[in-house]
Amino acid sequence: MEYHYEVNGTRYTVRVDQEEGGHYRVTVGERTYVVQAERREPGVFDLSVGTRYLRAYVVQTGTRRLVALDANTYVLERLREGRRQRHLGAPHAGQLEAQMPGQVIAVLVEEGQEVDVGQPLVILEAMKMELRIVAPRAGRVRALRCQPGDVVDRGQQLVELE
Amino acid sequence: MFSKLLVANRGEIAVRIIRACQELGIRTVAVYSEADARALHTLLADEAHLIGPPSPVESYLHAERLIEVALKTGCEAVHPGYGFLAENAAFAETVRAAGLTFVGPPAEAIRLMGDKVAARARMAQADVPVVPGYEGEGDVDEFLAAARALGYPVLVKAAGGGGGRGMRVVAREADLPAALDTARREARNAFGSDRVYLEKYVDRPRHIEFQVLADHHGHVVHLFERECSVQRRHQKIIEESPSPVLDEELRRHMGAAAVAAARAVGYVNAGTVEFLVDAERRFYFLEMNTRLQVEHPVTELVVGVDLVKAQLAIAAGEPLPFTQAELSQRGHAIECRIYAEDPARGFLPATGRVVRAVEPVGPWVRVDAGITTGDTITHYYDPMIAKLIVWGEHRDDALRRMAWALDQYIIMGVTTNITFLRDVVRHPAFQRGDITTDFVERYFVGWRPPDTSVPDEVLIAAALAEQADTPPAVRANHGDSGERAGDPFSPWNVADGFRPGRV
């Protein structure tokens, strides 16, 4: 079987062949390894790669793979059959997003209002911390996408500037 | 001693208190909000009662409901933990009026120390040094005039605040009105009072606090210091004891001042007197926390006293079992707070489900966790996952142990500060003990996680995990009876091949 992953913009292809005796021949790019493995419990794998004995933790959610090895956690994106997955473009420059998940405690502007650079637009609160969403430049508020009391996720759009 | 106690808190501190009660044979009642169903503290307690929706105001801050549960379940005492209602004088009074024991200080002491302005005045009377400041209740112009007299930068602080909340550093006069505004609003939301005051900003101070214990028989002792200078957003992330900067003489003076501060307000139970220490090693009273501190474990490890059990014994009317002369510091302890937050993005809180937590285990390594595998971190509460505490024979030993322990700690599913902490404890300035409250801004601005390339082993593990979940129709016909461990298609359960020989 061949698997394709993307990590930080780099693509990797991993080929796994099961061999006699229960071990695997695994090829990563140009490098080939003989690997023995045992699943201790769901998501916990003990591997021997050459003389290295390792315990890896793997979590699969959707196309995302989290792998913890030597106490570092890596985030891999599983790709379908070598085709590059489409990335969402950068958010439109006029859109202002929640920088953290939390609750909107105040909306300080109205639609159509002219704002100055640095002017506070929305106040978010999460875990006892208050965060002001300020205008990155002068402009007019095209649309408000939140109201006081809303619980918002990180990255959720709050205000649209013209 | 009590036979049954209600823990009016959540997370790691609820767990800590329940464990102490279990050792003492005290039955425990946990309370939880809808966001905390099946949280660790509810599983450990003898009983768990739902008290309301996730919002703290409707649950952990809902005094009447907590007392109702305590009475209904036959509790004799209430332990408030830290945060929430721990420093709420009215709550302490209501608990006592209901005929229950409040595991904490008298309401008067909480009220006085909770009013930072009144506390400063009382400390000055007791000859405990305080930072120069302005406590007036005037309008913006008077604050501007006072700030000019003190000299910038100044601190705007909430009279009802503490722990760095409702606090703003103001460097320029132009910024003062806006800072007063924000501080007032935060103070009103967080503490129910929008009164603020000014303090001269002490440049590059150290934050050093003394643990005190006082019983109902007039005995007051201190359990030495905790150095808490490594902070972000005015909140501590690393604490240690002893402080690398105190010598015996300064330690004796500050300890005596801490005891004097506690006596000046008729303090009983466990409390913490916080001081700022400036570059000339002058110290100033900052505030007194009238409760158990998050960082209490470093004192426990160095002094050898279980502070939660001490709190319970004091609340039950027992005299302190030791005198000041019998207390001493042995070795060195360090605590790192493990937070769900992103140090590369201004330490913004992170939320999500901890899909796996693997805590370090080893000699003199302690993990006080409130969040474990499968738990969800919501935006409703503090994003602390756990406290990692180690003890060593001396500071270098403790530092090495902490670096090791951080290197073992795995949290998957949410962004944490673990990688950041690994870099902090290895930083030369931290290793030297050269730590002031601006440590993080000074050395870690623009910090990014080290750019680790992906080891092949990680890709191998990911691919083999896919293989484990591939149905047999797709894989080459590999015999597997499919009856083991509830995963009918897994080649991992085959009882041949690799056995690492590890236990």
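Residues numbered from 1 in each chain as written. Chains lettered and ligands numbered in written order. Predicted model: local features only at pLDDT ≥ 70, side-chain atom pairs only at ≥ 80, totals over all residues. Heavy atoms only, no water.

A.B. asks: What exactly am I supposed to notice about the overall build of chain A here?
C.D. replies: If you tally the helices and strands in chain A, you get 0 helices and 16 strands. Counting the 162 residues in chain A, one finds 43% classified as buried. A separation threshold of at least 6 residues defines the contact pool for chain A, and within that pool the share at least 24 residues apart is 39%. Surface summary for chain A: the accessible area is close to 8,600 Å², and the carbon and sulfur share equals 43%. (Helix = DSSP H or I, 4+ residues; strand = E, 2+ residues; numbered from the N terminus. Buried < 20%, exposed > 50% of the residue type's maximum accessible area, 1.4 Å probe, protein only. Contact = heavy atoms within 4.5 Å. Areas by Shrake-Rupley, 256 points an atom, 1.4 Å probe, with all protein chains shown as cover.)

A.B. asks: When you look at the overall build of chain B in this model, what are you seeing that I'm missing?
C.D. replies: Counting secondary structure elements, chain B contains 16 helices and 23 strands. Computed over C-alpha atoms, the radius of gyration of chain B comes to 25 Å, within 12% of the 23 Å expected from 2.2 N^0.38 for 503 residues, which places it in the range of a compact globule. Along the longest, intermediate and shortest principal axes, the C-alpha atoms of chain B span 85 × 55 × 45 Å. By the burial criterion, 59% of the 503 residues in chain B qualify as buried. Summarising the internal contacts of chain B: among those between residues at least 6 apart in sequence, 64% fall at separations of at least 24. (Rg over C-alpha atoms; globule rule 2.2 N^0.38 Å.)

A.B. asks: Explanation requested: the environment of B:Ala118 in the structure shown.
C.D. replies: Residues and elements named next belong to chain B. Here Ala118 lies in helix α6 (residues 116-125). Classification of Ala118 by relative accessible area gives partly exposed; the value is 31%. Once the C-alpha coordinates of Ala118 and Glu135 are considered, the two residues, 17 residues apart in sequence, prove to be 9.1 Å apart.

A.B. asks: Before we go on, may I ask you to explain the domain arrangement of chain A in this structure?
C.D. replies: Looking at the assigned domains, one finds that chain A contains domain 1 (2-79) and domain 2 (95-161). A separation of 42 Å is found between the C-alpha centroids of domain 1 of chain A and domain 2 of chain A. (Domains from an automatic or database assignment.)

A.B. asks: It is not clear to me how the packing of helix α1 (residues 11-24) of chain B against helix α11 (residues 307-315) of chain B should be interpreted in this structure. Could you clarify?
C.D. replies: Any two packed helices are characterised by the angle at which their axes cross and by the distance between the axes. All names here are of chain B. In the contact formed by α1 and α11, the axes pass within 9 Å of each other and the chain directions differ by 65°. Compared by their axis directions, α1 and α11 come out roughly perpendicular. Note on packing geometry: the crossing formed by α1 with α11 is right-handed. In this structure, α1 contributes Arg16, Ile17, Ala20, Cys21, Glu23 and Leu24 to the contact, and α11 contributes Leu307, Val308, Lys309 and Leu312. Split by residue class, the contact of α1 with α11 holds 7 nonpolar, no polar and 3 charged. (Axes fitted to C-alpha atoms, helices over the stretch in contact; angles between N-to-C directions. Parallel < 35°, antiparallel > 145°, perpendicular 65-115°, else oblique. Left-handed = near helix turned anticlockwise from the far one by under 90°. Nonpolar A, V, L, I, M, F, W, Y, C, P; charged D, E, K, R; others polar.)

A.B. asks: Help me understand the packing of aromatic side chains, please; the structure alone is not making it clear to me.
C.D. replies: Each aromatic ring pair is characterised by the separation of its centres together with the angle its planes make. Residue and element names in this part refer to chain B. Counted under the stated rule, the structure contains 15 aromatic pairs over all chains. Judged by centre distance (5.1 Å) and plane angle (35°), the rings of Tyr60 and Phe84 are tilted. With a gap of 24 residues between them, Tyr60 in the loop between β3 (47-52) and α3 (63-72) and Phe84 in the loop between β4 (77-79) and α4 (89-97) connect regions that are remote in the sequence. Geometrically, the ring pair formed by Phe84 and Tyr381 is edge-to-face, given 6.4 Å between the ring centres and 75° between the ring planes. Here Tyr381 lies in the loop between β21 (376-377) and β22 (384-392) and Phe84 lies in the loop between β4 and α4, a separation of 297 residues in the sequence. Overall, the relative accessible area of 27% leaves Phe84 in the partly exposed class. Looking at Tyr381, the relative accessible area reads 5%, which means it is buried. By the ring-pair criterion, three or more aromatic residues cluster together here, those being Phe347, Phe420, Phe430, Phe439, Tyr443, Phe444 and Trp447. The ring of Tyr339 is capped by Arg232, whose NZ or CZ atom sits 4.5 Å from the centre of that ring. (Phe/Tyr/Trp six-rings, centres within 6.5 Å; stacked < 30°, edge-to-face > 60°. Lys NZ or Arg CZ within 6 Å of the ring centre and 35° of its normal.)

A.B. asks: What's the story with unusual backbone geometry in this structure? I'm lost.
C.D. replies: Where the residue is not glycine, phi is negative for most of them; where a peptide bond is considered, it is trans in most cases. Of note, the bond from B:Tyr152 into B:Pro153 is cis; its omega dihedral lies within 30 degrees of zero at 0°. If you trace the backbone, B:Pro153 turns up in the loop between α7 (140-150) and β7 (154-162). The step from B:Ser241 to B:Pro242 runs through a cis peptide bond, and the omega angle for that step is -5°. Looking at the element boundaries, B:Pro242 is found in the loop between β12 (235-241) and α9 (248-264). Residues other than glycine seldom take positive phi values, yet A:Ala71 does so here, at roughly 65°.

A.B. asks: Honestly, the interface of chain B and chain A in this entry has me stumped. Any pointers?
C.D. replies: Think of interface size as the accessible area that goes away when the parts come together; that is how it is often given. The interface of chain B with chain A comprises 61 residues on the first partner and 66 residues on the second. Together, the buried faces of chain B and chain A total about 5,700 Å²; carbon and sulfur atoms form 62% of this surface. With a closest N to O distance of 2.6 Å, A:Arg65 and B:Glu466 form a salt bridge. Taken together, the connections running from chain B to chain A amount to 11 residue pairs in polar contact (both at pLDDT 80 or more). Every element with two or more residues in the side of chain B that touches chain A is listed here: α8 (176-191), β17 (348-349), β19 (356-358), α12 (395-408), β23 (410-412) and α16 (456-468) of chain B. With 13 residues, the single largest contributor to the side of chain B that touches chain A is α16(B). Looking at side-chain class alone, the side of chain B that touches chain A contains 28 nonpolar, 15 polar and 18 charged residues. (Buried area = accessible area lost by both parts, 1.4 Å probe. Salt bridge = Lys/Arg side-chain N within 4 Å of Asp/Glu carboxyl O. Polar contact = N/O pair within 3.5 Å; in protein donor to acceptor, adjacent residues only side chain to side chain.)

A.B. asks: When you look at the environment of B:Pro319 in this model, what are you seeing that I'm missing?
C.D. replies: Residue and element names in this part refer to chain B. Take Pro319: it is sitting in the loop between α11 and β15 (332-339). Residue Pro319 is classed as partly exposed on the basis of its relative accessible area, which comes to 48%. Remark: the alpha-carbon pair of Pro319 and Phe283, spanning 36 residues in sequence, is separated by 31 Å. Leaving out residues up to four positions away in the same chain, Pro319 has contacts with Asp215 and His217.

A.B. asks: Please explain the sheet that holds strand β14 (residues 283-289) of chain B as it appears in this structure.
C.D. replies: All names here are of chain B. If you trace the 8 strands from one edge of the open sheet to the other, you get β14-β13-β10-β11-β12-β15-β22-β20, paired in antiparallel fashion. Only two strands of the sheet have a single partner each, and these edge strands are β14 and β20 (365-369). When strand polarity is set aside, the average angle formed by the axes of neighbouring strands in this sheet is 25°. Sheet topology note: the β20/β22 ladder contains 5 bridges and is antiparallel. Within β22, the residue paired with Ala369 across the bridge is Ala386. Along the sheet, helix α13 (residues 418-426) contacts β12 and β15; its crossing angle with β15, the most-contacted strand, is approximately 150°. (Pairing = 2+ DSSP bridges.)

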